[in-house]
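So the chains spell out like this:
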Amino acid sequence: MVTRVDPAERLLDLLIALRHAQGRLTKSAIRASVNGYRDAANDVAFERMFERDKDLLRQLGVPIVTDVDPVHEDAVGYRLDTAGYELPEVTFTAAEIGVLSLAATVWQDAHLHGSAHRGLTKLRVVAEGAEPDAHLGVALRVQASETALAPLLDAIAARQAVTFTYRAASTGQETRRHVQPWRLLSRDRGWYLLGHDVDRDAARLFRLSRVVGSVRATGPTGAFTVPDHDAQALLAGGAGAGVRAVLAVLPERGPALRARAVERRGEVEGRDVLVVETDDDASLAAEVASYGAAVLVLDPPELREQVLRRLRAVADLGEAARG
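Keep in mind it's a predicted model, so treat the numbers as computed, not measured.

Caption draft 1: Representation of the overall build of the protein chain within the structure. What the protein chain contains, in helices and strands, is eleven helices and twelve strands. For the protein chain, with 323 residues in total, the buried portion stands at 36%. Partitioning the contacts of the protein chain with sequence separation of at least 6, the portion at a separation of at least 24 is 58%. In the form shown here, the protein chain has an accessible surface area of approximately 18,700 Å², with 53% of it arising from carbon and sulfur atoms.

Caption draft 2: Seen up close, the environment of leucine 11. As for its placement among the helices and strands, leucine 11 is situated in helix α1 (residues 7-20). For leucine 11, the residues in contact, after removing those within four places along its chain, are Asp53, Leu56, Leu57 and Leu60.

Caption draft 3: Molecular detail of the environment of alanine 21. By the element assignment, alanine 21 lies in the loop between α1 and β1 (25-26). On the basis of relative accessible area, alanine 21 is assigned to the partly exposed category, the value being 23%. For the pair alanine 21 and tyrosine 78, spaced 57 residues apart in sequence, the C-alpha separation works out to 9.6 Å.

Caption draft 4: Local environment of the packing of helix α10 (residues 281-290) against helix α11 (residues 301-322). Following both chains from N to C, one finds α10 and α11 inclined at 50°, their axes separated by 9 Å at the closest point. Accordingly, the angle class assigned to the pair α10 and α11 is oblique. Helix-helix and strand crossings are classified by hand; for α10 and α11 the assignment is right-handed. Only Leu303, Gln306, Val307, Arg310 and Leu311 of α11 make contact with α10, whose side of the interface consists of Asp281, Ala282, Leu284, Ala285, Ala286, Val288 and Ala289. Residue classes in the contact of α10 with α11 are distributed as nine nonpolar, one polar and two charged.

Caption draft 5: Inspection of the packing of aromatic side chains at higher detail. A complete count under the given rule lists seven aromatic pairs for this structure. Considering the side-chain rings of phenylalanine 46 and phenylalanine 50, the 6.0 Å spacing of their centres and the 15° angle between planes classify their relative orientation as stacked. Pair noted here: phenylalanine 46 and phenylalanine 50 are both in helix α3 (residues 43-59), with a separation of four residues, about one helical turn. The pair phenylalanine 46 / phenylalanine 50 is uniform in exposure class, with both members buried. Centre to centre, the rings of phenylalanine 164 and phenylalanine 206 are 5.4 Å apart; their planes meet at 85°, and the pair counts as edge-to-face. Highlighted residues: phenylalanine 164 in strand β4 (residues 161-167) and phenylalanine 206 in strand β7 (residues 202-207), separated in sequence by 42 residues.

Caption draft 6: Seen up close, a nonpolar patch on the surface. Among the surface-exposed residues, Val268, Leu296 and Leu298 lie close enough to one another that they form a single nonpolar patch of about 220 Å² accessible area. Among the structural elements, valine 268 can be located in strand β10 (residues 263-268). According to the relative accessible area criterion, valine 268 is partly exposed, its value standing at 35%.

Caption draft 7: Spotlight on the pattern of salt bridges. The full count for this structure, using the stated rule, is 14 salt bridges. Its salt-bridge partner being arginine 260, residue glutamate 287 comes within 3.1 Å of it at the nearest N-O pair. Placement of the pair is glutamate 287 in helix α10 and arginine 260 in helix α9 (residues 255-260), with a sequence separation of 27 residues. Like arginine 260, glutamate 287 is buried. A salt bridge links arginine 312 to glutamate 305; the shortest N-O distance between them is 3.2 Å. Taken together, the shared-partner salt bridges in this structure form one network comprising Lys27, Glu47, Glu51 and Lys54.

Caption draft 8: Up close: α11. The terminal C-alpha atoms of α11 lie 31 Å apart, and with 22 residues this matches the ideal 32 Å at 1.5 Å per residue to within 8%. The elements touched by buried residues of α11 are β9 (243-249), α10 and β12 (295-299).

Criteria and thresholds
Residues numbered from 1 in each chain as written. Predicted model: local features only at pLDDT ≥ 70, side-chain atom pairs only at ≥ 80, totals over all residues. Heavy atoms only, no water. Helix = DSSP H or I, 4+ residues; strand = E, 2+ residues; numbered from the N terminus. Buried < 20%, exposed > 50% of the residue type's maximum accessible area, 1.4 Å probe, protein only. Contact = heavy atoms within 4.5 Å. Areas by Shrake-Rupley, 256 points an atom, 1.4 Å probe, with all protein chains shown as cover. Axes fitted to C-alpha atoms, helices over the stretch in contact; angles between N-to-C directions. Parallel < 35°, antiparallel > 145°, perpendicular 65-115°, else oblique. Left-handed = near helix turned anticlockwise from the far one by under 90°. Nonpolar A, V, L, I, M, F, W, Y, C, P; charged D, E, K, R; others polar. Phe/Tyr/Trp six-rings, centres within 6.5 Å; stacked < 30°, edge-to-face > 60°. Patch = residues over 30% accessible without salt bridge, like charges linked within 9 Å, V, L, I, M, F, W, Y side chains within 5 Å. Salt bridge = Lys/Arg side-chain N within 4 Å of Asp/Glu carboxyl O. Expected span 1.5 Å × (residues − 1).

In structure tokens, the structure reads:
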């Protein structure tokens, strides 16, 4: 029983044969050496398969050259134009690798983390002297809870409206929103959606950490055009700091908080007193709680209680695990 070769496998075998050939390959040599062409019932079938594969490789950017023997003009062969096929050597400076490392950390907690990490590892190999971890503590991150980012990127690219449930910062009330998404922006280590709120007939900003549940695309693609707008001005005006947190931080701890501090107020009991502004107290509370005893909230009391509530929940989980 003859096992037929998959067309994709045959195409790859043809590319490998051409790549490793010392010179040109004639059709007879290709038919004899490339896995899959033996399946051809006759010469006509082989010609049809080979021509289709050759054209497809060329469409994919593989420079296959037709080479005619100057003595025997009927002896046609094929080879790769190696100068047009091979990529030049890739080199990066330490500074460039640092920038790429910073970009890759954006996806550290998201579904693209694996791809970003593998790509960055390969790039680090070609650059000496890079310090990929020098940026730790100041990088913007896509948190695992911000699952809205991926479907919003798709909707923005498709110009398709979306619906989602949104929790208001001031009241905590959850409402259903219908939005034409324009852009994703970042501010104070947070992600925002800028778009047209259909129900309110106005441009609005939505913080992704306040999106509850999933984002669902609705309606046709290409349904709207994105108007000209000053995105940064809208971001500055619509996402102003709502909380000024006064934090007491142990020396050499809390690098991300130190990087974002808008004011420094000396020391108290051996700790540095920093002021950090945010419009999302829940996210700041989660971040402060992650430092444990290294960061204390001096003000406001509401933020301190949010942090304590998270720490108590972790302590209760520990007690339950030991019990």
